[in-house]
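What follows is the residue order along each chain.
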Amino acid sequence: MGQVQPVQSVEPSLVRMSRQTAFPFDDAPEEDKYSVCVHCGFCLEVCPTYQELGDENHSPRGRVLLIREAAQGQLPLDASVVDPVFTCLDCRACETVCPSGVQVGSLIETARGQAHIANPPVGRAGRLERLFLRGIFPHPERLRRVARLIRFYQRSGLQGIVRKTGALRLLPEAAREMEAVVPKISEKSALEALPERLPAIGAKKGVGALFTGCVMDVFFSDINQATARVAVRNGLDVVVPKTQVCCGALQIHAGDREQARKMARHNIDVFLQSGADYVIINAAGCGSALKEYPDLFRDDPVYLERATTFSGRVRDISELLVEVGFEAPEGSVERTVTYHDACHLCHAQKVRSQPRQLLRSIPGLKLVDLPDSERCCGSAGIYNLTHPDMAMALLERKMDDIPDNADAVVMGNPGCMMQIRLGVHKRGRQLDVLHTVELLDAAYAGEKTWQGGVGEVGETEQGGQSSGRAPGRTGAGGGGSR
Amino acid sequence: MTTESTQGQTPPTKTQRDAQPTQSAQSDAQPTQSATSQMELVAAMQRIVGAKNVIYEPHRLHVFSCDGYVAEPSLPRAVVMPTNTDEVAAVVRWLHQHKIPFLPRGAGTGLSGGAIPLNGEVIISLVKMKKLLSVDFENLRAVVQPGLVNLNLTKLITGEGYYYAPDPSSQSVCTIGGNLAENAGGSHCLKYGVTTNHIVAAKFVLPDGEVIDVGSGFGDPIGYDILGLIVGSEGTLGIATEITVRILKKPQAVKTALAMFDRVEDASNTVSAIIGAGIIPAAIEMMDQLAMQAVDKSNYHVGYPTDIEAVLLIEVDGLAAGLEEDAGRVVEICEQNHVRMVKVAGSEAERSLWWSSRKMAFGAIGRVSPDYIVQDGVIPRTKLTEVLQRIADISCESGLPIANVFHAGDGNLHPLICYDSRIPGETEKAMRVGSEVLRVCVDVGGTITGEHGVGIEKVEEMRYQFGEADLAAQLAMRDVFNPGALCNAGKLIPSPARCVEVKQARWTTGRNAAGVEG
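Residues numbered from 1 in each chain as written. Chains lettered and ligands numbered in written order. Predicted model: local features only at pLDDT ≥ 70, side-chain atom pairs only at ≥ 80, totals over all residues.

Quick look at the overall build of chain B
Right, so step 1: Helix and strand content of chain B: 16 helices and 18 strands.
Right, so step 2: In chain B, buried positions account for 57% of the 518 residues.
Right, so step 3: For chain B, the share of sequence-separated contacts (at least 6 apart) that also reach a separation of at least 24 residues comes to 75%. (Helix = DSSP H or I, 4+ residues; strand = E, 2+ residues; numbered from the N terminus. Buried ≥ 20, exposed ≤ 12 C-beta atoms within 10 Å, placed from the backbone. Contact = placed C-beta atoms within 7 Å.)

Overview of the confidence of the model for chain B
In regions of low pLDDT, the predicted coordinates are not meant to be interpreted in detail.
All names here are of chain B.
Right, so step 1: When pLDDT is averaged across chain B, the result is 88; 89% of the residues are at 70 or more.
Right, so step 2: Per-residue pLDDT stays below 50 along residues 1-29; that stretch engages in 67 contacts with residues further than four places along the chain or on separate chains.
Right, so step 3: Contacts for the low-pLDDT stretch residues 498-518, under 50 throughout, to residues beyond four places or in other chains number 72 contacts.
Right, so step 4: Both scores are given for the predicted complex: the pTM is 0.88, the ipTM 0.88. (pLDDT = per-residue confidence, 0-100.)

Some thoughts on the interface of chain B and chain A
Right, so step 1: Tallying the contact residues gives 34 residues for chain B and 28 residues for chain A.
Right, so step 2: Taken together, the elements giving at least two residues each to the side of chain B that touches chain A come down to α2 (58-61) and α12 (361-364) of chain B.
Right, so step 3: Examining the composition of the side of chain B that touches chain A, we find that three residues originate from one element, α12(B), more than from any other.
Right, so step 4: The class makeup of the residues in the side of chain B that touches chain A is 15 nonpolar, 15 polar and four charged. (Nonpolar A, V, L, I, M, F, W, Y, C, P; charged D, E, K, R; others polar.)

Some thoughts on the sheet that holds strand β1 (residues 197-198) of chain A
Residue and element names in this part refer to chain A.
Right, so step 1: Spatially, five strands are ordered β1-β3-β2-β4-β5 in an open sheet, and the strand pairing comes out mixed. If you trace the sheet from one side to the other, it starts and ends with β1 and β5 (314-316), each paired once.
Right, so step 2: Where strand β4 (residues 278-281) lies against β5, three bridges are found, and the strand directions are parallel. Residue pairing in the sheet places Ile280 in a bridge with Arg315 of β5. (Pairing = 2+ DSSP bridges.)

Concerning the pairing of strand β8 (residues 199-205) of chain B
Residues and elements named next belong to chain B.
Right, so step 1: Across the seven residues that make up β8, a large majority, seven, are buried.
Right, so step 2: Pairing of β8 with strand β9 (residues 211-215), which is carried by five bridges, proceeds in the antiparallel orientation. Counted as the bridge partner of Phe204 is Ile212 from β9.
Right, so step 3: Connecting β8 to the next strand, β9, in antiparallel fashion are five residues, including Gly209 with a positive phi near 100°.

Points about the domain arrangement of chain A
Residues and elements named next belong to chain A.
Right, so step 1: Split by domain assignment, chain A resolves into domain 1 (31-118) and domain 2 (328-481).
Right, so step 2: Facing the twelve residues of domain 1 at the interface are twelve residues of domain 2.
Right, so step 3: Residues belonging to the side of domain 1 that touches domain 2 are distributed by class as follows: four nonpolar, four polar and four charged. (Domains from an automatic or database assignment.)

Describing the environment of Asn224(A)
Residues and elements named next belong to chain A.
Right, so step 1: With respect to the helices, strands and loops of the structure, Asn224 is situated in helix α13 (residues 221-233).
Right, so step 2: Measuring from C-alpha to C-alpha, the distance between Asn224 and Val437 comes to 9.0 Å, with 213 residues separating the pair along the chain.
Right, so step 3: If we ignore the near neighbours within four places in the chain, the residues touching Asn224 are Ala190, Leu210, Thr212, Met216, Asp217 and Asn282.

What to know about the domain arrangement of chain B
All names here are of chain B.
Right, so step 1: Assigned domains of chain B: these are domain 1 (132-249) and domain 2 (251-368).
Right, so step 2: For domain 1 and domain 2, the distance between their C-alpha centroids amounts to 28 Å.
Right, so step 3: The partner domain 2 presents eight residues to the five residues of domain 1 that form the contact.
Right, so step 4: Per-class residue counts for the side of domain 1 that touches domain 2 are one nonpolar, three polar and one charged.

Here's the deal with the packing of helix α3 (residues 60-71) of chain A against helix α6 (residues 104-118) of chain A
Residue and element names in this part refer to chain A.
Right, so step 1: Their axes nearest at 11 Å, the elements α3 and α6 cross at an angle of 45°. One way to sum up the angle between α3 and α6 is to call them oblique. Crossing of α3 against α6: the hand is left-handed. Taken together, the residues of α6 that come into contact with α3 (itself represented by Pro60, Arg63, Val64 and Ile67) are Val104, Leu107, Ile108 and Ala111. (Axes fitted to C-alpha atoms, helices over the stretch in contact; angles between N-to-C directions. Parallel < 35°, antiparallel > 145°, perpendicular 65-115°, else oblique. Left-handed = near helix turned anticlockwise from the far one by under 90°.)

Section: unusual backbone geometry
Residue and element names in this part refer to chain A.
Right, so step 1: For Arg92, which is not glycine, the phi torsion reads 70° and is therefore positive.
Right, so step 2: Structurally, the position occupied by Arg92 is in the loop between α4 (79-87) and α5 (93-97).
Right, so step 3: At Ala380, a position not held by glycine, the phi torsion is positive, near 50°.
Right, so step 4: Its location among the elements puts Ala380 in the loop between β7 (365-368) and α22 (383-386).
Right, so step 5: Its 25 C-beta neighbours within 10 Å are what place Ala380 among the buried residues.

Thoughts on the sheet that holds strand β9 (residues 432-435) of chain A
Residue and element names in this part refer to chain A.
Right, so step 1: Reading across the sheet, the four strands line up as β7-β6-β8-β9 and stay open at both edges, with parallel pairing between neighbours. Looking at strand neighbours, the two that pair on one side only are β7 and β9, the edges of this open sheet. Across the sheet, the axes of successive neighbouring strands diverge by a mean angle of 35°, strand direction being ignored.
Right, so step 2: Pairing of strand β8 (residues 408-411) with β9, which is carried by four bridges, proceeds in the parallel orientation. Its bridge partner being in β9, Val409 is matched across the sheet by Val433.
Right, so step 3: Packed onto the sheet, helix α24 (residues 414-427) meets β8 and β9 and runs at close to 170° relative to β9.
Right, so step 4: Lying over the sheet, helix α25 (residues 436-445) contacts β7, β8 and β9, oriented at roughly 85° with respect to β9.

Right, here's the structure in full:
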């Protein structure tokens, strides 16, 4: 189990829809999407890459224009289109301000799909992409093996030796920096550790199937456990479909839509079979991808319908708690925190108020504003590895904005958490990087009546947490700095 | 200013241009072509501004072929992004010496095509000159670089309780340099005036590269008002590189009302009645049903009833004392004019939603129509009802829906002509309809532009407003500053004795060659 086993094991031939486009392959950017752009330019000032470069080629309306010209055969599908399309963070800030509702994200992702088929990545980048995005992430078993390797590296003393001997210098800078901030890997992923079904506490409000994700479950499996706890605490039965795989968001970002479709089909089957009312997700990037699964199946009527049903059930954990009605915690967390809006939560999923509502419900917690909180931190999936210069420039701006009086910065996406941990590490700042549910979970843990008894879920990390410092990730740089 | 009656003449003219962006589009006042090679040009520009600030590769130039007006795209030969006055002057001096045409560009949000390189100009993009250079709160002055975004200036000084008043709908992205060039208006110009009332001095690079200072930080201009000439000159007289603007203390209090009317006539009468009552609102904006439908489909959903003809957004501001009364009188006047529902914003969030809904309206038309042309006529306020009826008649006759979103308080109309460029001939029809609308505005004693500028879009309609002698005088004025017409030729003023051709869209094949229709 755990391998990708789509209902149809090969990519079915897609039904070619009637359209006029010079794009060579199926699943191309749609005319109905790019022709909506009226070129007003309202998107320019919110686009992080335009802000940095001042070049309209790297702006939303510029990219839409290039995609349109490629579709009309006025530009070839070469660097002129591909560079701007891949320099895009896919952060969707432009979609928030666009008056005419251009779906820039979908255009970018489908254009990347064309580029990916036309010119598959070659050389080292290509080998790395194939290794990770096709070889490891779609396969939970392999992913776990990698996680166990990292855990061994961290716990065996090898990490210390490697750092002392300077062997890290052999790695490229971006990877070297990331090594420094990789959190302590738990012994088991949440997918392994959690039972298949956790009964709701109190009046039952529905059944939620937990999507554990890949990066989240390797690096932050205790956040998945916390997510299960707060859901159960608020009247949701939580089921954990054990054969689920990574959502495919990273593949979609990279333009590998064929691989993404395989994973999507599998997940759709597994989660629809679970019969749950909701699919619970705590990672913004994954949540957005899951909600947009129908975009992958525009030319596949069978899966389009299934994907639409599936996507209709997907909820970010903060969104779901507010929707079904959550109980304000009684335990207090005496901290001053600020909230960073993950792009794929605020811009792609329009989830803004709910995480703040959860945080404000925590007694003792003070929430201070983060200026320009909706601007991308530069993480953007694997963007920080593919475009390190731009990613670092954006990280610097984000770090500059974090108010001095905050002792933690809170968000709802593991990619941002890794990126901002890197920022904290580089600046040597005393600042925790937390997920919204960690604080909520800590507040519930502080309640006298709360037993926290979700199977074997992190009881060692519960209790006496009124300080709200999530164990295992305290202080700047987390595992890396200790 | 004189207005020559041209009633009954043929529809306006415009040179028909090629279907694809081109570097040699025909234009009046075509500058002498230079023999300088592209390589020499690029090398010279790179020496001045650095390699990373020069864009010259053909495939990277496509996105600079148009601004917010997309009907007539044309490729530049290069884009140069200087970072200070000296660099701008050096770039201009070199281009002048080599007789290469050029033009300035801000954010490229202009709606009349002022930044389109019709003659294959070198675009001097000012987006990297976006600093606030200094602020003098006590004397209410700020010095900015031209690429600073309008709203960003306000954001930078709002903490101290100040703001920059001119607020075009695109203020979140348009630049103050562009505002200067177009003499941009905005919703609150009714009370506070347009850009020219808020710019007191500028450092200005003339088309030969000479740098001059015009205006003065304080006091009215002495002698000829050169600054007044420059503001609104649409980039045809040179390039402002440092701009001294007036900043204002934020009003103590603001009250905003939303009033919904069954009939346009009642809404129009309300506008006149409010001003007639001696109230000077900061803004009175109007939207009609089609515009309401569009914005309600956008991210800024207000939930307008679908059976009202007009909505007014009325804002009063100033000292807190007495403002409540003003707002009360506004509500009363609405009621006297058969308003169906009038409501004062209960929170800043509500007010902000109403304003966003209004300011996003142009773009939101993209949700109800594949393409549109936005017009920009001005009429005497008292003619509102009559003109709106005539616009409705034009819409009926042409079969093209027309949405209206506009500054009712100062009679600045923005009819948005909806069409589908995929239908052969419809683009041309829409342009003709736009022109007819402007004709109506001039006929009732108004003008062809309130704030979007003439650019290339309305250059032929200038003839509605001015006779040949007037235009010749204006060209003579331009030649004083810009003798070789190297700087932004073919904009603003039509060349004399132009052969008459029916206005026609650039593209003849495929859909929307510029892809986007402003």
